[in-house]
Amino acid sequence: MKKQCDPLMLTDEDILDAMQAMQGYVDITPGTFKEIYSISYDLALKRIRSLGKAEEIMTSPVHCLNREMSLTKAASFMAEHGISGAPVIDHKGIVCGVISEKDFLRKMGLPTTAGIMSVVGECLTVNKCLVSGLRDHYVHEIMSQPPISAREETTLAEISQLFTNHSINRIPICNMDGYPLGIITRSDLVSSMCQTV
């Protein structure tokens, strides 16, 4: 038994299936290997496309923030619920953005890759804490918009592609009118793919 954690990683089964799909004797030359690789890659893509849909792994219900919420309340809400990001909804309850730790860091003038010790270090070396500048601001001022979202029937392969294409860590799952139904994080996706095969 082996763990399958990289969705585009070719498995031994993919390669063996590709070799069986080839006609005749297999002589391992660069050209033959490229042919095996090409067939294996196509088989791996087929496997990925059959992984499932967003509704199967999304976390629901999802914790949402209101776009008019203060950043102070938003940070407290996120800390209380142990989340690093959340969809932002407007007055109608429709997802209008996403807010994450990266948005807070960006507003504080820090790199989006900064960790808690970077924040502490900066706060200790300046006369005032960087976070104090967030007090009189609101979620809609720093949220990422428009939101990258998906529907319940979106395949996990498509979700994976959205994460990669947009360099994001969470995707709200919405109905056709934009109301939030759930959320999928990168770790949710990796967990769903790390099944024992």
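Located above this text is the structure these notes cover.
This text gives an overview of the structure that appears in the document. (Residues numbered from 1 in each chain as written. Predicted model: local features only at pLDDT ≥ 70, side-chain atom pairs only at ≥ 80, totals over all residues. Heavy atoms only, no water.)

### Focus: the overall build of the protein chain
Note the threshold: Secondary structure counts use DSSP, requiring at least four H or I residues in a row for a helix and at least two E residues in a row for a strand, with both numbered from the N terminus. Think of it in three bands: residues with accessible area under 20% of the maximum for their type are buried, residues over 50% are exposed, and the middle band is partly exposed, with areas taken using a 1.4 Å probe on protein chains only. Note on contacts: a residue pair is in contact if any heavy atoms of the two residues lie within 4.5 Å. We get accessible surface area from the Shrake-Rupley algorithm with a probe of 1.4 Å; when it comes to residues, only the shown protein chains can shield them.
Helix and strand content of the protein chain: nine helices and seven strands. The burial tally for the protein chain puts 36% of its 197 residues in the buried class. Of all intrachain contacts in the protein chain linking residues separated by at least 6 positions in sequence, the fraction that spans at least 24 positions is 57%. Carbon and sulfur atoms make up 54% of the accessible area of the protein chain, which amounts to about 11,800 Å² in all.

### Let's talk about the pairing of strand β3 (residues 85–89)
Remark: a regular strand shows side chains that alternate across the two faces of the sheet. What counts is decided by this rule: At least two DSSP bridges between two strands are required for those strands to pair.
Where burial is concerned, most of β3 is hidden: five out of the five residues are buried. Where strand β2 (residues 65–66) and β3 come together, two bridges link them in parallel fashion. For L65, the partnering residue across the bridge sits in β3 and is V88. Where β3 and strand β4 (residues 95–100) come together, five bridges link them in antiparallel fashion. Residue V88 lies in a different strand from β4, and its bridge partner there is G97.

### Points about unusual backbone geometry
Note the cis peptide between S60 and P61, where omega equals 0 degrees. As for its placement among the helices and strands, P61 is situated in the loop between α3 (54–57) and β2. Here the bond from Q145 into P146 is cis, since omega is -5 degrees, no more than 30 degrees from zero. For P146, the location among the structural elements is in the loop between α7 (139–142) and α8 (156–166). The phi dihedral of S167 falls on the positive side, at around 50 degrees, and the residue is not glycine. Counting through the fold element by element, S167 comes out in the loop between α8 and β5 (170–174). Residue classification places S167 among the exposed positions, given a relative accessible area of 53%.

### Structural notes on the environment of I148
Counting through the fold element by element, I148 comes out in the loop between α7 and α8. For I148 and L162, which are 14 residues apart along the polypeptide, the C-alpha to C-alpha distance reads 7.9 Å. Ignoring any residue separated from it by four or fewer positions in sequence, one finds I148 in contact with L162, H166, I168, I171 and P172.

### Considering the environment of L181
Examined against the element boundaries, L181 turns out to sit in strand β6 (residues 180–185). For L181, a relative accessible area of 25% gives the class partly exposed. Ignoring anything within four residues of it in the chain, the contact list for L181 reads M58, T59, S60, E152, I173, C174 and N175.

### Notes on the side chain of R170
Selection rule: When charges are counted, neither His nor the chain ends are considered; positive counts come from Lys and Arg and negative counts from Asp and Glu. Take a side-chain nitrogen of Lys or Arg and a carboxyl oxygen of Asp or Glu: if they are within 4 Å of each other, that pair is a salt bridge. The term polar contact refers here to a pair of N or O atoms within 3.5 Å; inside protein, the definition further demands a hydrogen-donor-capable atom paired with an acceptor-capable atom, and it admits residues adjacent in sequence only when both atoms are side-chain atoms.
Inspection of the secondary structure assignment puts R170 in strand β5. The buried charged residue R170 lacks any salt bridge, with E101 as its nearest oppositely charged partner at 6.4 Å. For R170, the side chain forms a polar contact with the side chain of S84, separated by 2.7 Å. In contact with R170, not counting residues within four places along its chain, are S84, G85, A86, V98, S100, F163, I183, I184 and T185.

### Some details on the packing of α8 against helix α9 (residues 186–193)
Rules: Angles run from 0 to 180 degrees between N-to-C directions of axes, and those axes are lines fitted to C-alpha atoms, restricted for helices to the stretch in contact. Should an angle lie under 35 degrees it is considered roughly parallel, over 145 roughly antiparallel, and from 65 to 115 roughly perpendicular; all remaining angles are considered oblique. By convention the crossing between two helices is left-handed if the near helix lies anticlockwise of the far one by an angle smaller than a right angle, and right-handed if it lies clockwise. Lys, Arg, Asp and Glu make up the charged group, whereas Ala, Val, Leu, Ile, Met, Phe, Trp, Tyr, Cys and Pro make up the nonpolar group; the residues left over, Gly among them, are polar.
Contact pair α8 / α9: the axes reach a minimum separation of 11 Å and the direction vectors enclose 140 degrees. Considered as vectors, α8 and α9 are oriented oblique to each other. You can see that α8 and α9 cross each other, and the crossing is left-handed. Mapping the contact onto sequence places L156, I159, S160, F163 and T164 in α8 and R186, L189 and S192 in α9. Taken together, the residues of the contact of α8 with α9 break down into four nonpolar, three polar and one charged.

### What about the sheet that holds β2?
Strand-to-strand pairing in sheets goes through backbone hydrogen bonds, with the strands running parallel or antiparallel. Ordered by their spatial adjacency, three strands build an open sheet running β2-β3-β4, and the pairing between neighbours is mixed. Where the open sheet ends on each side, the last strands, each with one partner, are β2 and β4.

### Things to note about a nonpolar patch on the surface
The test is simple: Residues qualify for a patch when their relative accessible area is over 30% and they have no salt bridge, like charges being joined within 9 Å and the nonpolar side chains of Val, Leu, Ile, Met, Phe, Trp and Tyr within 5 Å.
Together, I28, F33, Y37 and Y41 give the surface a local cluster of nonpolar side chains, amounting to about 420 Å² of exposed area. Given the relative accessible area of 41%, Y37 is considered partly exposed.

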